[in-house]
Amino acid sequence: MVGTLVSFMTMAIGGRELSDELSTFQILFFRSLIGLLVISILLQRSGWQQVSTPAIPIHFVRNLAHYCGQFGWFYGLAFIPLAEVFAIEFTVPVWTALLAVFFLGERLTVPRMIAIGLGIVGMLIILRPGLEVMKPAALAVLGGAICYAISHIKTKKLAHIDTPLCILFYMTVIQLPLGLIPALYDWKTPSVDAWQWILMVGLTAMSAHYCLTRAMKLIDATVVVSMDFLRLPLIAAVGFLFYGEPLEWAVLIGALVMLTGNYISNRAEKRKLN
């Protein structure tokens, strides 16, 4: 989980640094390019036969949604405080739970309804609709969170069909042209200094998901959720110290409300399994 926290924060810092020089499309293109190189090396060792799949349409829908989610996340990094981006991202479990009812036929249990209710309350505390002008970048991150939820739903289906490396391979292959084609309209050759951030974003994108998956196998989901929440105060501290971003209590309180809902839901799921 320490690896997960460091990876996500480093990726956010890299995205913020690159936003001054490159467009969001270019950042996503380079992220996919580096990811494809890493996955190709791993497939060379474990076998390319696993990329054969009957689920190409599901891969396409998943990655289109995931790409839109990434776009909203990286776009938000350029215009709103880092802590606000991370806090809005915590609504992903809310949208995932709702979509799972319609697309996977999962039951909407009382703990899940509590998690959804507290998630919506927390989101309203953070966005404060009616009290201030809604920032387009905040809405982009929120839209990205919904797209991430769609991606999670499709990933759950693919997990029963393909290997994790196969899923990651098609993620990079499909998203590579999605980033490249629009980036060509306003292409800027990265400076020498930008390449360190490009490599950082590409590598930490892979390490974040790898570390999170490993953590899920080694410790309870409730512990993962609790430790994942540390991303918010840590990135808020980074934003304050290095970018002069104000520490907004509404963001921290809203995220804490969402965390409480996720924690209650995960505890209930654990008891049901036991």
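Details of the structure are given in the entry above.
Bear in mind that the values here come from a model prediction, so they are computed numbers and not experimental data.

K.L.:
Tell me about the packing of aromatic side chains, residues and numbers included.
P.N.:
Describing an aromatic ring pair means giving the distance of the ring centres and the angle of the ring planes. Applying the stated rule across the entire model yields 12 aromatic pairs. Pairing F30 with W187 gives two aromatic rings, centres 5.7 Å apart and planes at 50 degrees, and the pair type is tilted. Pair noted here: F30 is in helix α2 (residues 24-46) and W187 is in the loop between α8 (164-183) and α9 (192-218), with a separation of 157 residues, a long-range link. Given a relative accessible area of 5%, F30 falls into the buried group. Centroid distance F30 to W195: 5.2 Å. Interplanar angle 75 degrees. Geometry classified as edge-to-face. Highlighted residues: F30 in helix α2 and W195 in helix α9, separated in sequence by 165 residues. By the ring-pair criterion, three or more aromatic residues cluster together here, those being F25, F71, Y75 and F79.

K.L.:
Lay out the nonpolar core in plain terms, naming residues and giving numbers.
P.N.:
In this structure, W73, F74, F86, L232 and I235 are the most contacted members of the largest nonpolar core, which totals 66 residues. Apart from residues lying up to four places away in sequence, F86 is in contact with F8, M9, A12, W73, R231, L232 and I235.

Basis of the calculations
Residues numbered from 1 in each chain as written. Predicted model: local features only at pLDDT ≥ 70, side-chain atom pairs only at ≥ 80, totals over all residues. Heavy atoms only, no water. Phe/Tyr/Trp six-rings, centres within 6.5 Å; stacked < 30°, edge-to-face > 60°. Helix = DSSP H or I, 4+ residues; strand = E, 2+ residues; numbered from the N terminus. Buried < 20%, exposed > 50% of the residue type's maximum accessible area, 1.4 Å probe, protein only. Core = buried A, V, L, I, M, F, W, Y, C linked by side-chain atoms within 4.5 Å. Contact = heavy atoms within 4.5 Å.

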